[in-house]
Amino acid sequence: MDLPRRAQVVIVGGGIVGCSLAYHLTLRGWTDVVLLERKQLSCGTTWHAAGLVGQLRATYNLTRLAQYTTGLYAALEQETGQATGFRQTGSVAVATNAARFEELKRGASMAKCFGLDVQTVSPSEVAGLWPGVRTDDVVGGVFLPKDGRTNPIDTTLALARGAKNRGARIFENTKVEEILVEDGRAVGVRTVQGELRADFVVNCAGMWAHELGARAGTTVPLHAAEHFYIVTEPMPGLSASLPVLRDPDSCAYFKEDAGKLLVGWFEPVAKPWGMRGIPETFCFDTLPEDLEHIEPLLSAAMHRTPALADVGINLFFNGPESFTPDDRYLLGETPEVRHLYVAAGFNSIGIQSAGGAGKVLADWIIDGHPPMDLWDVDVRRCMPFQRNRRYLRDRTVETLGLLYAMHWPFHQPESARGARRSILHDRLRERGACFGEAAGWERPNWYAPEGVKAEYVYSYGRQNWFEHSAREHAAVRNAVGLFDQSSFAKFVLQGPDAETVLNRICANDVSVPVGRIVYTQWLNERGGIETDLTVTREARDRYLIVTAAASQTRDLAWLQRHIPEGAGAVAVDVSSGMAVLGVMGPRSRELLATLTDADLSNASFPFGASQVIDLAYARVRASRITYVGELGWELYIPTECAPEVFDALLAAGGPFGLRLAGYHAMNSLRMEKAYRHWGHDISDEDTPLQAGLGFAVAWSKPGGFIGREALLRQKERGVTRRLVQFALRDPLPLLYHNEPIWRDDAIAGRIASGMFGHTLGKSLGMGYVENQDGLADRDFVLGGRYEIEVAGVRVPADASLAGFYDPAGLRIKDAGGT
Ligand SMILES: Cc1cc2nc3c(=O)[nH]c(=O)nc-3n(C[C@H](O)[C@H](O)[C@H](O)COP(=O)(O)OP(=O)(O)OC[C@H]3O[C@@H](n4cnc5c(N)ncnc54)[C@H](O)[C@@H]3O)c2cc1C
C-alpha cells in the first residue's frame, strides 16, 4: 500500500493511544484516517506495560474515562476477532495507616457519584480476596470487582484492527520527520516517504512527543523515566482469577501473570531517562537492570507477599515511560498551532486511559470542542517554560512516585521548584511565606509566624497551617490583609476595534466608560464557561484583561483566535510587566490613604472603578474590586516599582492591623462569599445560568455575544442543575472536592470545591445539584435535605443559593462608609 498524498486525519504514533484514537475516529464515521508508525505498532512503551486496567483515578472525570476504557476492552475481542487477553478479575488496594485508608475511602465515596462498584473491605476480607497477602499491618482496603488486566500488545492490535475494518490505513516503518505548519495551522506531515497533507494532525508519539511537538512550535511537556517490574518463576497455587493487589504504602502492585507473579513499583525517587533525546533505533527495547535501585522495593514487596522470598525471579524488567510535570496526561488541540492535537504523557496509566482518551479526543477533533470538562488533562494548562528539558528531567524524579504517594490535600511538589517567582518572592519568604506552586509560580499559600517552620505537615484534617491561615483570614475581615497576586495572567487588547471584538467574546457588556471594571465570562457556542475574568477599560481603544495564572495559555489562545481576520485589535500578554498586590479589608482605605493623595472615597472611587494613582513612589493602577468580599483594591504595579510599594505598605500598615495573607486564606474568604473558581466550580460544560452567574450576562447588548443563543434556549427551558453552597453542620470533617452530595437519600451531585470558612466557623463546599426529574429551581434546591459524604460518612449540611457571608454585598460597597 502506497502512502496517500492526503487524508482527513494523520495520527503520528502507533502505540495504544494512537490506535485508540484511530478506532474512535472511525467509530464516529471519520474513516479517512492514516496512522503512521516509525517502526512497528506498540514498539515504544506500550508493548511492555504490565497491563493493569484500574478505574479509580484521582478525579471524577479521569475516573469516568478509565471506567469507559474497561467497558471498551471488555467488548473489543468480540467486535474485532483479535484476542486482547482482557480479564476482569478485580483489584484490591490496601492501606497500612489511617490516612491512606481515608484516601481510599474518599475515593470510594467519589466513585458512588457514577455508580462505580467500590467496596470498602477489612483486613480479613483482604486476606480472603488475595490468599497469601500479609495483613497484620493492614488497616483496611478497597475492592473494585470490575477492574481488569489486559495484554497491551494484543489490545493495541485489536484497536488497530477495529480502526482498519472501518477504513483507517496504518503504515508501519514510516517515520514522521516533521509536522507541517502553515499560517499557524497544521496541514500535514513530512515522512521518510514524502509529504502527506491533512486537515488534522495528532501527535501520539509517546516519549517522542515532546521533541516532535517542539519542532512544530508546540509545548508538550513530558520526560521519560525508567520504570521497573519483575516477574517470578512459576509460583505454585497462584490462581489466575486473583485480583490485582496494590500496596501503595510500599509503592508496589502485584499481578498474577500466567502462573507467575509480576511485581511493579512506583518508587519515590525515579530515574529520568533519555535526557539527550530518545534513540532513533528504539524498537521493543528494554533498559539495563538496576538491582541496587529496586532492592529496597523488593524487600518491602516480600513483606507484603512473603511467598515472594521463596521463588526465583525470572525477569528483571526496566522500560521507559513518559511523565508530565503534574502527573496528568496531555490532551487536546495545542494552543500554538490550530488543528494540531496531542495525546501523550500517560504517566504509566496509558493502557487504562487509552480507551477513554481516544474517545474524547476523537469527539474533540470531530466536534471542534471537548465533549466534557477535560481541564484536568487539557494541554492548554501547560506553560511555555515547561518545554525546558532540565525542568522536565528534574520534575520527573518525583512524578513517577506520586502515582502511589499519598494524594494529600494541598500537596505541593518538591522538585523543580522556583521556575516562576514574583519580584516580591524574597521579601515574602523572609516574612514566613510557605509557597505553593501554580502554573510554575511560587505563591504564598500561608505565612508561618516567628518560630514556626514554613512547611506543610499534611493530613486529611486540619493541617499545621490552619490556625495561621485563620489569623490571616481574620485580618482581612476585620482590619486589612495584603496578598501578592502577581501570578495573575494579564493581557492588553488594543486597537480601534477592541471594544467590538471584546464585546463579542464577553458575555457581559464591556462598552463602559474608561476606568470601569467588568466582571465577565467568556462562553463557547454551547453557553459553557471558557473562563471567568475581569476586563478593565483603560482607554477608549484599550482593555486590560486579568485572568487566573493557570489559564494564561488557554485564555490568550482563546482571545487571539477570536479576533476576526482583519479586525483592528491586537492582544498582547503583559503578565510579566506588572506585579499585583491586593490590599483587602475594612481598613484598606485608611492604609492606602497614607501613601496616596488620590481620593479613595466611595463617591470618587466606587466599587468597580479603576484609576491610575500615585502610591508611594510609583504610579499604579488601583482597581476597586475583590475576591474576598471586603472593601479593597487590587494594585497593578510596574514590576520594577513593586518592591518599593510593598515596603511602603508594610511600613505604614502596623496601625491598621495589616497582615500578609496567602492563597489558603483567600480561598476560605471567597468560599464564604461563594465566589466561583474557574476549573473547579465552573467549566466549559457549565453555563452562567447553572452557575448562578446570570447577573453577569448582558442579554440585550448590540451584536450579542458568543454563546448567547444557546444560553437563551436554556433560559427558556430552565436549568436542571444548579450550583449550590453547602455548610456542614459538623465543623470537623473537611471538604476538598468530589464528595457526593446527598439530597433526600439520593446522590444529586458532588462537591466542586471546598474549604473551611473561618468567619463562619464551618466547612464549606460548592457543588452542582441535579434534578433528574425536572428543573433545579429554587424550590427544588432549597426544598431538599442535604448530606455530604466524607470518606463513607454522610454529614448533614445546610444549603444556600447565595454566599453565606454578607449575601447583599454591603461590605464590598462599603455601605455606610465614606
Ligand atoms: C514498565 C511499565 C509498566 C506499565 N504498566 C502499565 C499498566 O499496568 N497499566 C497502564 O495503564 N499503563 C502502564 N504503563 C504505561 C503505558 O505502557 C503507557 O502509558 C502507554 O503505553 C503509552 O502509550 P502511547 O501510545 O502514548 O505511547 P507508545 O506506546 O510509546 O507509542 C508511541 C508510538 O509513537 C511512535 N513514534 C514516535 N515518534 C514517531 C514519529 N516521528 N513518526 C512515527 N511514529 C512515531 C513510536 O514508535 C511509538 O510506537 C506501563 C509502562 C511501563 C514502562
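So, a few notes on the structure that sits alongside this text. (Residues numbered from 1 in each chain as written. Predicted model: local features only at pLDDT ≥ 70, side-chain atom pairs only at ≥ 80, totals over all residues. Heavy atoms only, no water.)

## A look at the pattern of salt bridges
Phase 1: Summed over all chains, the structure comprises 56 salt bridges.
Phase 2: For E739, the salt bridge goes to R106, with nearest N and O atoms at 3.1 Å. Highlighted residues: E739 in the loop between β34 (721-728) and β35 (740-743) and R106 in helix α3 (residues 98-111), separated in sequence by 633 residues.
Phase 3: By relative accessible area, which is 4% here, E739 ends up buried.
Phase 4: The class of R106 is buried, set by a relative accessible area of 13%.
Phase 5: A salt bridge links R477 to E672; its shortest N-O distance comes to 2.9 Å. Of this pair, R477 sits in helix α11 (residues 466-478) while E672 sits in helix α16 (residues 663-673); the two residues are 195 residues apart in sequence, bridging distant segments of the chain. Each member of the pair, R477 as well as E672, carries the same accessibility label: buried.
Phase 6: Residues participating in the shared-partner salt-bridge network are D378, R380, E530, R554 and D684. (Salt bridge = Lys/Arg side-chain N within 4 Å of Asp/Glu carboxyl O. Helix = DSSP H or I, 4+ residues; strand = E, 2+ residues; numbered from the N terminus. Buried < 20%, exposed > 50% of the residue type's maximum accessible area, 1.4 Å probe, protein only.)

## Brief notes about the side chain of E672
Phase 1: Relative accessible area serves as the criterion here: at 0%, E672 is assigned to the buried category.
Phase 2: A distance of 3.2 Å separates a polar atom in the side chain of E672 from the backbone nitrogen of H758.
Phase 3: Excluding anything up to four places from it in sequence, E672 contacts H473, R477, G757, H758, T759, L760, L764, G803, F804 and Y805. (Polar contact = N/O pair within 3.5 Å; in protein donor to acceptor, adjacent residues only side chain to side chain. Contact = heavy atoms within 4.5 Å.)

## A short note on the sheet that holds strand β21 (residues 433-438)
The strands making up a sheet associate through backbone hydrogen bonding, with each pair oriented either parallel or antiparallel.
Phase 1: If you walk across this open sheet you meet the three strands as β20-β22-β21, and the pairing is mixed. On the outer flanks of this sheet lie β20 (420-421) and β21, each paired with one strand and no other.
Phase 2: Looking at chain direction, β20 and strand β22 (residues 441-447) are connected through two bridges and run parallel. Bridge assignment links R421 to a residue of β22, and that residue is E442. (Pairing = 2+ DSSP bridges.)

## Observations regarding the packing of aromatic side chains
The geometry of two aromatic rings is summed up by the distance between their centres and the angle between their planes.
Phase 1: For the structure shown, the criterion picks out 29 aromatic pairs.
Phase 2: A connected cluster of aromatic rings, assembled from ring pairs, spans W408, F410, W446, Y456, Y458, Y460, W465 and Y736.
Phase 3: Over the ring of Y23 we find R166, and its NZ or CZ is 4.5 Å from the ring centre.
Phase 4: Across from the ring centre of F780, 3.7 Å away, lies the NZ or CZ of R743, which sits over that ring. (Phe/Tyr/Trp six-rings, centres within 6.5 Å; stacked < 30°, edge-to-face > 60°. Lys NZ or Arg CZ within 6 Å of the ring centre and 35° of its normal.)

## Brief notes about the sheet that holds strand β37 (residues 762-770)
Phase 1: In spatial order, the strands read β34-β37-β36-β35-β38-β39; together these six strands close into a barrel with antiparallel pairing. Between one strand axis and the next, the sheet turns through 40° on average, direction left out of account.
Phase 2: Where strand β38 (residues 786-790) meets strand β39 (residues 793-800), five bridges bridge the pair, whose relative direction is antiparallel. By the bridge assignment for β39, I788 is matched with V795. (Axes fitted to C-alpha atoms, helices over the stretch in contact; angles between N-to-C directions.)

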